[in-house]
Amino acid sequence: MATRTNNPPRARPEAATPPARVRLERWRINAVLLLCLVLVARVVVRLGDLQVAQHDTLSAQARAEIDQQVPIQAQRGLITDRLGNVLAMDVDRESLWVVPSQINPDKAARLALTLSALLGKDSADILTSLTDTEHYWLPVARWLDPQVAAQVDALNEPGLHWQYEPRRVYPQGTFAAQLIGAANDNGDGISGVEGFYNGQLQGSNGSLEAEFDPNKNPIAIAPSRTIPPRNGEDLRLTIDPLVQYVIERELQQAIEKHDADGGSIIVLDPKTGAIRGMASWPTFDPNRYGDYPADVYGRNPAISSLYEPGSTFKMITVSAGLQTRSFTADTQVNDTGTIYRFGQSLSNWNGGGNGMIDPAHVIYYSSNVGALQLNEITGPEKFYSMVDKFGFGKLTGVDMGGEEAGIVNSWGTDAYNDLSFLTNAYGQGISVTPLQMVQAAAAIANNGVMMRPYIVERRCQAERCTDTQPVQVGQPIEKGVAWTLRRMMVNSANHYAPVVWAAQTGSYADQWLVPGYQVTAKTGTSSIPLEGGGYDPSYTIGSVLGMAPAEDARYVVLVKIDRPKDDIWGVTTAIPVYYNIMDQLLRYEKIPPDPTLLSEGQEIPGVTP
């Protein structure tokens, strides 16, 4: 019988005692909820302020971090001579900029010293730029030479960046410097053609509107808008390079030989008014114009320096009398060498008299006494009317900056006096510019028709070009009067030819100044007024003014030499320069010489007498 085992029943465990319930007071809960509501409300208010009230301002600031408008600088126009040789141009050079936020402050001082050695600039100034906290980027040095730029590049400094900037360059150096002028570091013309045509040469800048990264590079995938620049006009001058070279060389040689203070030479086409050459001394290099005094680079003596023209003005005195019919070519006056007027003694250059002479011999002998007597016959009203018609006392209108009008104390003005009227007859007491004298002589060369001088022959904007049209500004004298003056001045030129030829021919008689050609010339010895009154007793200005050939003239030339130390009259200084220039220009024009226009002892190269 199986044994059953009975297990006793288990006892039910007693129930656990429930924990005591924690009870928060309601005011505490309300306080926490209120604090949360305040914080949420503050966040909402701040978000509302940022996203609504300040939306436009903050949005603009955010966009400004990446959206920028970068100017695109226009290219300044070229300046060339009439054959296309470049006289002034813009060349892109690398300029160094810094983004201060990208410069390690611990390395800034050492970097400033390194850049100072490479750039030749003060290290303190460079350090100020490197540590600037108010600007995104700043210029450090402009227009570096490629060798220096390469050395800076080798530093591998991430905060340094390059920006190409155009710089004005004058490839020919001092060539035609005064008439070209100069442009400053901001690209603004400050003198000469550069100054007069500054607006046309500059053009107008463009711009690039785009999104930029921190390194100032445009983001390619972002939208952009480009307004292209309009480059400046290209200017072609009337200057002939050979003519300019000849007159610059002759002027410099004469000044060095005679230890003169300075001078000017102008070559003008009388039929059009085109300036074929214009040189002055001292000159300068416009590539570094700042190394020179302001009155050297800032003004062109050929159009801005006033001087008393001396006896070259006698051609105007004779023209005035002939044109107004006050006297004829046969009228004679008594040249006694010295004459008294208004309590003053007025004399010829050498004090010697020439007896009874006509207007042609007034010019031939350069008689002061004869010229003032001719002026007395003409009278002040007619004389000054003709002086005005020849353009004295007013601007010629040449297209270059800094031109002066001169000083004429005309009849009927408060400054007029009878003594000055007489001395004006031989170019004393009246102030002119070299270009005014050339313009007046050009009218005589051009059968009495006076043209406005000009320096720019053509202006081109892209493919559109405009040629300068010659402008007639008057006809002070008739064709017949002009012809008569030219014949007188041929004899005058031959009278001074021995200055050049006497050593070869052995004669001081009249000779052809330029063998094979009829050339006109009138010399002038100009007294130099002193600030306290009177005239410089030691030095003068020597000049020669004329045209060639005498008929159908191609050129009018003025040679002016200031204060030659070894020639009180200036004639032996200026005449050889005038001859050298005329001889070379006539050959350059390929005008065949006339073998009959030879004096004994003279010869024409390549022509059998």
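Residues numbered from 1 in each chain as written. Predicted model: local features only at pLDDT ≥ 70, side-chain atom pairs only at ≥ 80, totals over all residues. Heavy atoms only, no water.

## Observations regarding the overall build of the protein
Summing up its helical and strand segments, the protein has 20 helices and 21 strands in all. Every one of the 609 residues in the protein was classed for burial, and the buried ones make up 47%. A total accessible area of about 30600 Å² is found for the protein, and carbon and sulfur atoms account for 51% of it. (Helix = DSSP H or I, 4+ residues; strand = E, 2+ residues; numbered from the N terminus. Buried < 20%, exposed > 50% of the residue type's maximum accessible area, 1.4 Å probe, protein only. Areas by Shrake-Rupley, 256 points an atom, 1.4 Å probe, with all protein chains shown as cover.)

## Notes on the pairing of strand 20 (residues 535–548)
The buried count for strand 20 comes to 10 of 14 residues, which makes it a mostly enclosed element. Here strand 19 (residues 522–529) runs beside strand 20; their pairing, made up of seven bridges, is antiparallel. Bridge assignment links Ser527 to a residue of strand 20, and that residue is Thr540. Connecting the antiparallel pair strand 19 and strand 20 is a turn made up of five residues, with Gly533 showing a positive phi of about 105°. Pairing of strand 20 with strand 21 (residues 555–562) involves eight bridges; the strand directions are antiparallel. For Ala548, the partnering residue across the bridge sits in strand 21 and is Tyr555. The antiparallel hairpin formed by strand 20 and strand 21 contains six residues in its connecting segment, where Asp552 sits at a positive phi of about 60°. (Pairing = 2+ DSSP bridges.)

## With respect to helix 19 (residues 498–505)
Among all positions of helix 19, only Pro498, Trp501, Ala502 and Thr505 are buried. In an axial view of helix 19, the angular spread of the buried residues amounts to 120°, which keeps them on one side of the axis. In this structure, the buried residues of helix 19 make contact with helix 18 (479–496) and helix 20 (571–588). Two residues or fewer past helix 19, Gly506 is found with a positive phi of approximately 75°. (Arc of directions from axis to C-beta. Contact = heavy atoms within 4.5 Å.)

## Description of helix 9 (residues 241–258)
Compared with the 26 Å implied by 1.5 Å per residue over 18 residues, the 26 Å span of helix 9 between its first and last C-alpha is a close match. Listed in full, the buried residues belonging to helix 9 are Pro241, Val243, Gln244, Val246, Ile247, Glu250, Leu251, Ala254, Ile255 and His258. Among the structural elements, helix 6 (177–180), strand 9 (262–268), strand 10 (275–281), strand 21 and helix 20 are those in contact with the buried residues of helix 9. Backbone nitrogen of Leu242 and a side-chain oxygen of the N-cap are separated by 3.0 Å at the start of helix 9; the cap is Asp240. In the segment just after helix 9, Asp259 is the residue with positive phi, at about 50°. (Expected span 1.5 Å × (residues − 1). Polar contact = N/O pair within 3.5 Å; in protein donor to acceptor, adjacent residues only side chain to side chain.)

## A few points about the packing of helix 12 (residues 314–323) against helix 14 (residues 368–378)
Where helix 12 contacts helix 14, the axes come no closer than 9 Å and their chain directions differ by 30°. In terms of orientation, helix 12 and helix 14 fall into the roughly parallel class. Crossing of helix 12 against helix 14: the hand is left-handed. Contacts between helix 12 and helix 14 involve Lys314, Thr317, Val318 and Gly321 from the former and Asn368, Ala371, Leu374, Asn375 and Thr378 from the latter. Considering only residue class, the contact of helix 12 with helix 14 consists of three nonpolar, five polar and one charged. (Axes fitted to C-alpha atoms, helices over the stretch in contact; angles between N-to-C directions. Parallel < 35°, antiparallel > 145°, perpendicular 65-115°, else oblique. Left-handed = near helix turned anticlockwise from the far one by under 90°. Nonpolar A, V, L, I, M, F, W, Y, C, P; charged D, E, K, R; others polar.)

## A short note on the packing of helix 9 against helix 20
Closest axis-to-axis distance for the helix 9/helix 20 pair is 10 Å, and the angle between their directions is 160°. The orientation of helix 9 relative to helix 20 falls into the category roughly antiparallel. For the pair helix 9 and helix 20, the sense of crossing is right-handed. Facing Leu242, Val243, Val246, Ile247, Arg249, Glu250, Ala254 and His258 of helix 9, the residues of helix 20 in contact are Thr572, Thr573, Val577, Asn580, Ile581, Gln584, Leu585 and Tyr588. Residue composition of the contact of helix 9 with helix 20, grouped by class: nine nonpolar, five polar and two charged.

## Observations regarding the nonpolar core
In this structure, Leu237 and Phe392 are the most contacted members of the largest nonpolar core, which totals 86 residues. Ranked by residue count, the leading element in this core is helix 17 (residues 434–445), at nine residues. Val246, Ala260, Ala497 and Ile581 belong to the second-largest nonpolar core, a separate cluster that totals 36 residues. (Core = buried A, V, L, I, M, F, W, Y, C linked by side-chain atoms within 4.5 Å.)

## Section: the state of the cysteines
This model, assessed by the stated rule, comprises one disulfide. In this model Cys460 forms its disulfide with Cys465; the gap between the sulfur atoms is 2.0 Å. On the sign convention where negative means left-handed, the S-S torsion of about 110° between Cys460 and Cys465 marks this disulfide as right-handed. Under the relative-accessibility criterion, Cys460 is labelled buried at 14%. (Disulfide = S-S within 2.5 Å.)

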